[in-house]
Amino acid sequence: MPKWLPHILLSAYFGFFLLLLATLAWFWPASPRAASQPIAFPHTVHAGQLGLSCSFCHESAELGPQAGVPAVSKCLSCHQAIATDRPEIQKLLGYQQRGEPIRWQRIYHLPDFIYFSHKRHVNSGLDCSACHGAVEEMQTVKRVRSLQMGWCLSCHRSRGASFDCATCHK
Amino acid sequence: MLPVIQEQLLFVKMLQGAFQTLLCLSLGYLVGEVLFSLPGKAISAAGAPLFSLPPGPPRPKILTGKRTGLLIALFMACNLLLMKIAYRPDLFTGPFWGGLTVLFIIGLALILVARQHLRGTRPTARLPLAAALTGDLLLLAVCFFLLNAESFLLTPESWPFLASRPLLLLSWNGTLRFMQFTLLALMLTGLDRQQNRQWLILGAALLWPPFQILELLLIPELARSPWLYLWAALTLLTAAALALMTTRALRKKRLLPLAYPLSAVTLLAILWVLSAQTARETTLSGVALAGLQLPPATEREPIAPVDSQPVPQPQAPPTIDGGQLFAQKCSVCHRFDQRLIGPPLSAVLVKYRSDKESLAGFLRNPQKIDPDYPAMPNLNLTQQEAEVLTDYLFDYETVQTTPQ
């Protein structure tokens with residue numbers, strides 16, 4: 001066997017795996033857990049310092065399947081007069097003047113084949129931070145749970161909720 | 001629990017990493033060496049003596065005998081303690097730790113006892129062989145569970161459910177890390193100076209890349225970060241270096257000087273531990289760990305009566321400063337003598353002077369009364385907070401209106 005053959009083979013072998021690793025790193029980076037939002041809304045100020053409850057803005061979390069984000073008018077109920085000189089509030093006022101809704105980037109997003117009712121989960125006595133983490137400490141909201149089915153099922157089984165397929169896949 | 005200052009935390013984690021590396025190296029060597037010496041002792045007496053060592057070429061710096069056992073136990077204890085201090089998972093009940101400790105000690109003891117019989121050149125009786133094998137397997141089992149536990153630390157969202165579903169402890173990522181540990185053990189065994197076991201190093205180095213890639217693929221999604229890819233690339237390069245130097249030595253039918261493969265394997269172990277630590281750093285952030293204490297709804301009574309408030313109730317009422325509460329929650333929208341967002345409070349308080357209790361009620365459940373002003377948000381005040389605020393407001397008003 002030529003002297004250099006083992007070296008070439010080994011280099012090819014490890015080179016292949018390094019290439020595979022590079023491909024993984026390029027195409028499969030850490031999933032976007034935090035996205036950039038159109039307005040830099042800090043939960044640390046509103047939920048943290050001011051102690052506003054989650055349901056003050058996210059009203060429909062207790063009322064229906066979708067939690068949603070507040071309308072521009074909710075923000076304006078305070079910010080019509082508060083801190084109007086700040087650039088982020090200026091952006092907010094711009095949205096109001098144009099009559100345009102704010103296109104928030106959704107962080108907690110389940111696929112369409114899953115039916116998730118916020119109302120049921122809130123009414124079962126779960127704290128918001130059980131699934132969303134300590135939002136009042138987040139400058140930008142990021143996802144802190146995997147949202148995988150196994151996780152949902154573990155909680156359902158532990159709390160005596162239904163784990164029938166049709167409960168969520170309907 | 002020992003208190004840990006924030007500044008010490010990094011040091012604690014570095015220390016934990018160091019102990020885990022040492023543990024991996026020493027335990028891996030012990031496990032592998034025992035396993036590979038067993039067939040020789042079982043079959044025949046031919047071959048070089050295994051443990052009686054004339055002062056000759058330097059052995060790996062890993063001892064044999066009682067001191068090894070104690071050292072390994074010490075590394076294990078320090079590693080686990082530091083892990084608990086650094087991450088405070090509040091997981092893993094007493095039985096888990098107790099069971100693991102017992103198995104670990106039994107495994108070490110069995111091996112140490114059997115080693116007496118494994119010394120020398122005579123073939124060994126069946127009982128010591130069985131003891132050594134059992135001890136080895138016990139140690140491997142303990143490592144398997146510990147590595148799965150380490151991987152479980154990467155999914156904090158499942159921590160509350162471990163008590164009711166203990167099988168959640170096992171994970172593919174943990175299994176793969178165990179496979180990587182066995183590869184490291186094989187590499188360490190191959191460092192033996194008495195016999196030419198370098199093919200072991202080569203084999204393990206060749207097997208390392210697919211396991212490394214698989215481990216990366218199976219890591220929990222939230223634990224992924226660019227640093228992991230960097231550590232993985234470095235481990236691949238180290239494994240390549242190991243394979244290359246071992247091939248050369250094998251072809252020349254010579255033993256490598258100990259320093260090179262030993263340092264390569266040590267580097268590999270360090271990178272392996274480092275990648276686990278990086279993954280933990282990424283996923284175990286404070287914001288993620290909040291909200292994990294879920295009382296199972298079926299087993300316990302609800303802590304608070306049916307209450308649509310998502311905020312947890314306070315346990316015992318500490319003294320609340322009305323002024324601080326006002327500054328924190330009310331002053332954003334209210335002043336006493338001017339309109340801000342809400343009406344000037346002096347005007348409001350006039351209406352409530354005759355009926356102070358209803359003010360506390362209003363504060364807890366504000367209604368939109370005046371069309372001229374926006375709706376006052378419900379700030380989820382407790383009864384105590386509302387009363388303290390009411391007292392503060394009226395005290396303030398009294399102070400303001402009392403002639404100086």
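Residues numbered from 1 in each chain as written. Chains lettered and ligands numbered in written order. Predicted model: local features only at pLDDT ≥ 70, side-chain atom pairs only at ≥ 80, totals over all residues. Heavy atoms only, no water.

A. Fine view of the overall build of chain B. From N to C terminus, chain B includes 13 helices and zero strands. Starting at the N terminus and walking to the C terminus, you meet the elements of chain B as α-α-α-α-α-α-α-α-α-α-α-α-α. Across the 404 residues in chain B, those meeting the buried criterion constitute 48%. Of all intrachain contacts in chain B linking residues separated by at least 6 positions in sequence, the fraction that spans at least 24 positions is 76%. Split by element, the accessible area of chain B, about 20,400 Å² in all, is 66% carbon and sulfur. (Helix = DSSP H or I, 4+ residues; strand = E, 2+ residues; numbered from the N terminus. Buried < 20%, exposed > 50% of the residue type's maximum accessible area, 1.4 Å probe, protein only. Contact = heavy atoms within 4.5 Å. Areas by Shrake-Rupley, 256 points an atom, 1.4 Å probe, with all protein chains shown as cover.)

B. Seen up close, the interface of chain A and chain B. Each partner contributes to the interface: chain A provides 52 residues, whereas chain B provides 55 residues. Here chain A packs against chain B, burying approximately 4,800 Å² in sum over the two surfaces, 66% of which is carbon and sulfur. The three residues of chain A that bury the most area against chain B are Phe14(A), Leu21(A) and Trp28(A), which together make up 13% of that side's buried surface. At the junction of chain A with chain B, the criterion picks out one salt bridge. Between the two partners, chain A and chain B, sit five residue pairs in polar contact (both at pLDDT 80 or more). When contributions to the side of chain A that touches chain B are tallied by element, the ones reaching two or more residues are α1 (5-27), α3 (54-57), α4 (72-79), α7 (129-132) and α8 (149-159) of chain A. No other element matches α1(A), which puts 11 residues into the side of chain A that touches chain B. When its residues are assigned to classes, the side of chain A that touches chain B shows 29 nonpolar, 13 polar and 10 charged. (Buried area = accessible area lost by both parts, 1.4 Å probe. Salt bridge = Lys/Arg side-chain N within 4 Å of Asp/Glu carboxyl O. Polar contact = N/O pair within 3.5 Å; in protein donor to acceptor, adjacent residues only side chain to side chain. Nonpolar A, V, L, I, M, F, W, Y, C, P; charged D, E, K, R; others polar.)

C. How the structure looks around the packing of helix α5 (residues 172-189) of chain B against helix α6 (residues 198-217) of chain B. All names here are of chain B. Here α5 crosses α6 at 165°, and the two axes come no closer than 9 Å. The orientation of α5 relative to α6 falls into the category roughly antiparallel. Here the hand of the crossing between α5 and α6 comes out left-handed. Within the contact between the two elements, α5 uses Asn173, Leu176, Arg177, Met179, Gln180, Leu183, Leu184, Leu186, Met187 and Thr189 and α6 uses Leu200, Ile201, Ala204, Ala205, Leu207, Trp208, Phe211, Gln212, Leu214 and Glu215. (Axes fitted to C-alpha atoms, helices over the stretch in contact; angles between N-to-C directions. Parallel < 35°, antiparallel > 145°, perpendicular 65-115°, else oblique. Left-handed = near helix turned anticlockwise from the far one by under 90°.)

D. Up close: the nonpolar core. In this structure, Phe181(B), Leu184(B) and Trp208(B) are the most contacted members of the largest nonpolar core, which totals 87 residues. Setting aside residues up to four positions removed in sequence, Phe181(B) forms contacts with Cys24(B), Leu27(B), Gly28(B), Leu140(B), Cys143(B), Leu147(B) and Trp272(B). By size, the runner-up hydrophobic cluster in this structure holds 21 residues, among which are Leu52(A), Leu325(B), Leu345(B) and Leu379(B). (Core = buried A, V, L, I, M, F, W, Y, C linked by side-chain atoms within 4.5 Å.)

E. Representation of the environment of Ala347(B) within the structure. All names here are of chain B. The topology assignment puts alanine 347 in helix α11 (residues 345-352). Note on alanine 347: relative accessible area 44%, which makes it partly exposed. Considered as a pair, alanine 347 and threonine 246 are 101 residues apart in the sequence and their alpha carbons are 88 Å apart.

F. Representation of the pattern of salt bridges within the structure. By the definition in use, this model includes eight salt bridges over all chains. Residue Glu59(A) is joined to Lys74(A) by a salt bridge in which the shortest nitrogen-to-oxygen separation is 3.0 Å. With Glu59(A) in the loop between α3 and α4 and Lys74(A) in helix α4, the pair connects residues that are 15 residues apart, well separated along the chain. Taking the relative accessible area as the measure of exposure, Glu59(A) reaches 44% and is therefore partly exposed. Here Glu150(B) and Arg280(B) are joined by a salt bridge, their closest N and O atoms 3.2 Å apart. On the criterion of sequence distance, the pair formed by Glu150(B) in helix α4 (residues 126-152) and Arg280(B) in helix α8 (residues 259-283) is long-range, its members being 130 residues apart. You can call Glu150(B) buried: its relative accessible area is 4%. Given the relative accessible area of 1%, Arg280(B) is considered buried.

G. Geometry of a negative patch on the surface. All names here are of chain B. A grouping of Asp355, Glu357, Glu387, Asp391 and Asp395 is seen on the molecular surface, where their side chains present a negatively charged patch. Among the elements that line the negative patch, the one with the most residues is helix α13 (residues 383-401), at three residues. Its place among the elements puts aspartate 391 in helix α13. The class for aspartate 391 is partly exposed, based on a relative accessible area of 48%. (Patch = residues over 30% accessible without salt bridge, like charges linked within 9 Å, V, L, I, M, F, W, Y side chains within 5 Å. Lys, Arg positive; Asp, Glu negative; His and termini not counted. Charge placed at Lys NZ, Arg CZ, Asp CG, Glu CD.)

H. Seen up close, the environment of Leu140(B). Residues and elements named next belong to chain B. Counting through the fold element by element, leucine 140 comes out in helix α4. On the basis of relative accessible area, leucine 140 is assigned to the buried category, the value being 14%. Beyond its immediate stretch of four places on either side in the chain, leucine 140 contacts Val31, Phe178, Phe181 and Thr182.

I. Main features of the state of the cysteines. All names here are of chain A. For the coordinates displayed, the defined rule picks out zero disulfides over all chains. Cysteine 128 takes part in no disulfide bond, and the closest cysteine sulfur, belonging to cysteine 54, lies 3.6 Å away. A relative accessible area of 22% places cysteine 128 in the partly exposed class. (Disulfide = S-S within 2.5 Å.)

J. Highlighting the packing of aromatic side chains. The tally for this structure, following the rule as stated, stands at 14 aromatic pairs over all chains. Seen from their ring centres, Tyr392(B) and Tyr396(B) are 5.9 Å apart, and the 40° between their planes marks the pair as tilted. A residue pair is termed a helical-turn pair when its members lie 3 or 4 positions apart in one helix, as Tyr392(B) and Tyr396(B) do in helix α13 at four residues. A relative accessible area of 30% places Tyr396(B) in the partly exposed class. Among the aromatic residues, those joined into a cluster by ring pairs are Tyr13(A), Phe14(A), Phe16(A) and Phe17(A). (Phe/Tyr/Trp six-rings, centres within 6.5 Å; stacked < 30°, edge-to-face > 60°.)

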